[in-house]
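# Working through the structure, step by step
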Amino acid sequence: MKQIDQLRRRAARYLDVEAAEIAPAKGVFSLSFDDIPASAWTEAGPILAAHGIRATYYVCGGLAGGRNMDRDQFEVEHLQALHAAGHEVGCHTFGHTSALRMDAEALRLSLDANAAWVAERLDGYRMTTFAWPFGDATVGAKRVVRGRFDLARGVRDGVNAGRADRALIRSIGLESRRLPGYDLDALMAETAARRGWLTAYGHDVSDRPTDYGCTPDDLDRVLRLAKSAGLEVLPVAAAWGVVTR
């Protein structure tokens, strides 16, 4: 099963690619949070506000009020507060299920359920961007997602510049355990020089984060570096309108 899953992920990278031309007037950076642990709002929200930056929060309605990765997940009040503050809400399926574990119909039902759940709680709000749970995509799932969203963000490292698969936008992991392995200064400088689009994804934010989270200091540093490099910092949906114009 593991080898089959690897083959399906690999096929999604190279097959059925719908390329978009990434060519903003200047480099762009986008920050996103997946699943929405409560701390991604309660701890990260004030840091974002201090920088005057809006992010994208990829929500799974089925995780609301629960636990995931041994962390409290968002409450509906958190979702409503971040939406009111001008942050984007994007889709992450309803139950945080890998596309490898769903056929096309199951994926459609999950997307329908999440869309209805969010619209009911955010006055009819419609999500326009998607992030793959666990970064898992398949060729069939890409076709479903492309028909419903402007783009889908993946988890493969790299700057988006020139031609990019709109169903698998590259993104770096905002994880304290992995950040030392990136040359963040160089990545920001490359994004500026190539007039590309760099996206980053995180999860929880605390002084003792999970393996998938980061510290408040790391979050602050990434935002400072993006601004110092002269990048325009925008939520994913707003950035898409800029980088593909």
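Rules behind the numbers
- Residues numbered from 1 in each chain as written.
- Predicted model: local features only at pLDDT ≥ 70, side-chain atom pairs only at ≥ 80, totals over all residues.
- Heavy atoms only, no water.
- Helix = DSSP H or I, 4+ residues; strand = E, 2+ residues; numbered from the N terminus.
- Buried < 20%, exposed > 50% of the residue type's maximum accessible area, 1.4 Å probe, protein only.
- Contact = heavy atoms within 4.5 Å.
- Polar contact = N/O pair within 3.5 Å; in protein donor to acceptor, adjacent residues only side chain to side chain.

## A word on the environment of Thr-93
- Structurally, Thr-93 can be placed in the loop between strand 6 (88-91) and helix 5 (104-121).
- On the accessibility criterion, Thr-93 (1% relative accessible area) is buried.
- When the C-alpha atoms of Thr-93 and Leu-109 are compared, they prove to be 9.2 Å apart, with 16 residues separating the residues in sequence.
- Apart from residues lying up to four places away in sequence, Thr-93 is in contact with Val-59, Cys-60, Gly-61, Met-102, Leu-107, Ser-110, Leu-111, Asn-114, Phe-130 and Pro-133.
- Polar contacts involving the side chain of Thr-93 include one to the main-chain amide nitrogen of His-96, which spans 3.0 Å.
- In terms of polar contacts, Thr-93 uses its side chain to reach the backbone amide nitrogen of Thr-97, at 3.4 Å.

## Regarding unusual backbone geometry
- Backbone geometry places Asp-35, a non-glycine residue, at a positive phi of 75 degrees.
- Residue placement: Asp-35 occurs in strand 2 (residues 28-35).

Everything listed here is a matter of coordinates, which is why it stays silent on function.
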